[in-house]
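The lines below spell out each chain.
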Amino acid sequence: MDMISPSIAALTPSLTLKVTNRAKAMKASGEEVYGLAGGEPEMDTPENIKQAAIAALNNGATKYTPSAGLPALRQAIAEKLKRENNLEYDFTQITVGAGAKHACFNAIMATVSEGDEVIIPAPYWVSYPEMVRMCGGIPVIVETTAENGWKLTAEQFEEAMTPRTKMVILTTPNNPTGSVYSEEELRALGEVALSEDILILADEIYEHLVYGDAKHVSIASLSPELYDLTITINGFSKGYAMTGWRLGYSAAPAAIAKAIQMIQDHTTSNVCTFAQYGGIEALTGDQSFISDMRDEYDMRRQYVYSRLSAIPNISVVEPQGAFYFFVDTSRLGLTSLNLCDKLLERYKVAAVPGIAFGNDRAIRISYCTTLDILKEALDRFEEFCKAH
């Protein structure tokens, strides 16, 4: 008798977590490892946020809240969306989940039926296709190119659509490429979605990490019609260095929000209560941490770009957001998994193979680490590339 559901047995492990855990194990055994695989800020959560959670805990915030989250937190999120994203939501349309990952899964679970197709531009965040499969949907992967800045075009979107298309997933800023969609590009994609009433899952978790002349735009803000088709996903992990707090949220049309909340009613119930008070402080307290972190990462971004641009046998598109570089390593003649294995074993540098993101000709490098580690890791990566 098969003990495991076929839909779960077909899942593939998260290579980002696998590489990160392997690098941690090597460090624990005493090896010096230069980690460029992680997807979390190395800064600590701001002190005011930590103190708000501590105070809540000391004041007895240890009981259940509504499954969708504290009304005060959901209201703070609604005010944030209006203030920063030009989006009008009633707090009842907002659901607080255990991170943006959880919010994404619940949104897909609430809307995607068996056999529905979900268009996912590649390179994509590792979990999107697996989430779609777990919900009975069919991931339709659309390859983007470095020449187009790793972004889905309206023409590609239209070509990939079929009568079974239910949703498209848009991530801006993007993980793993750092690409940022312009308002013009989003409007063009939105027109295609509107032509067939295709839902849009808009993952905006990296919205605060945008550099240079790029600007973050929420696609749901572009028209009332797009608002009605869009589920906006966001959270606290990246912008407030709160990865371990597991706080994310969705903002959706009322009927979809109700379905998402029903899923949480019967699965997780509420997110950790006192952590939610930290989320309230994050949104309503001092915001200077965000700009300070963005400036720091922009400096590292420029340093890494200058280094990668000078290394032979690779190429890279300058990222406009997030904290990653997606490096084209096709000229090295190695699969991305083989390359990352050799890089880690021989040079003690941890990176994530591009196959995890749907592209076996590249690797992802994260610059959310110190300059000292970046310099040493890039020195070693350059040596590796010259040797191949």
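You'll find the structure just up there.
Presented here is a report on the structure given in the accompanying data block. Here the structure is a predicted model, which means the values were calculated and not measured. (Residues numbered from 1 in each chain as written. Predicted model: local features only at pLDDT ≥ 70, side-chain atom pairs only at ≥ 80, totals over all residues. Heavy atoms only, no water.)

A look at the nonpolar core
Ranked by size, the top nonpolar core spans 79 residues in total, and within it Ile 108, Met 167, Leu 201, Tyr 297, Leu 308, Phe 381 and Phe 384 carry the most contacts. It is helix H14 (residues 371-387) that contributes the most residues to this core, six residues altogether. With near-sequence residues (within four places) excluded, Phe 384 lies in contact with Leu 332, Leu 334, Leu 339, Lys 342, Leu 343 and Tyr 347. Judged by nonpolar contacts, the second largest core, of 27 residues, contains Ile 49, Leu 81, Leu 87 and Tyr 89. (Core = buried A, V, L, I, M, F, W, Y, C linked by side-chain atoms within 4.5 Å. Buried < 20%, exposed > 50% of the residue type's maximum accessible area, 1.4 Å probe, protein only. Helix = DSSP H or I, 4+ residues; strand = E, 2+ residues; numbered from the N terminus. Contact = heavy atoms within 4.5 Å.)

Details of the packing of aromatic side chains
Per the stated rule, a full pass over the model turns up 14 aromatic pairs. Ring centres of Tyr 206 and Tyr 324 lie 5.7 Å apart, and the angle between their planes is 75°; this geometry places the pair in the edge-to-face category. Note that Tyr 206 is positioned in the loop between strand S6 (199-203) and helix H9 (224-229) and Tyr 324 in strand S10 (residues 324-328), a separation of 118 residues in sequence. Of the residues examined, Tyr 324 reaches a relative accessible area of 1% and is grouped as buried. Pairing Tyr 347 with Phe 384 gives two aromatic rings, centres 5.5 Å apart and planes at 90°, and the pair type is edge-to-face. Of the two residues, Tyr 347 is situated in helix H13 (residues 336-347) and Phe 384 in helix H14; the sequence distance between them amounts to 37 residues. Like Tyr 347, the residue Phe 384 is buried in the burial classification. Among the aromatic residues, those joined into a ring-pair cluster are Tyr 206, Tyr 297, Tyr 305, Phe 323, Tyr 324, Phe 325 and Tyr 367. (Phe/Tyr/Trp six-rings, centres within 6.5 Å; stacked < 30°, edge-to-face > 60°.)

Notes on unusual backbone geometry
For the peptide bond that leads from Ala 122 to Pro 123, omega is 5°, which places it in the cis range. Inspection of the secondary structure puts Pro 123 in the loop between strand S3 (117-122) and helix H6 (127-134). Note that the residue after Thr 172, namely Pro 173, is joined by a cis bond; omega there is -10°. Within the secondary structure, Pro 173 is located in the loop between strand S5 (165-171) and helix H8 (183-195). Not every positive phi belongs to a glycine, and Ala 241 is a case in point at roughly 55°. By secondary structure assignment, the location of Ala 241 is in the loop between strand S7 (230-235) and strand S8 (248-251). Unusually for a residue other than glycine, Ser 269 sits at a positive phi of about 60°.

So, the sheet that holds strand S12 (residues 352-353)
Taken in spatial order, the four strands make up an open sheet running S9-S10-S13-S12, and their pairing is antiparallel. The sheet terminates laterally at strand S9 (315-316) and S12, the two strands that pair on one side only. Sitting on the sheet, helix H12 (residues 288-309) touches S9, S10 and strand S13 (362-366), and the angle it makes with S10 is about 10°. (Pairing = 2+ DSSP bridges. Axes fitted to C-alpha atoms, helices over the stretch in contact; angles between N-to-C directions.)

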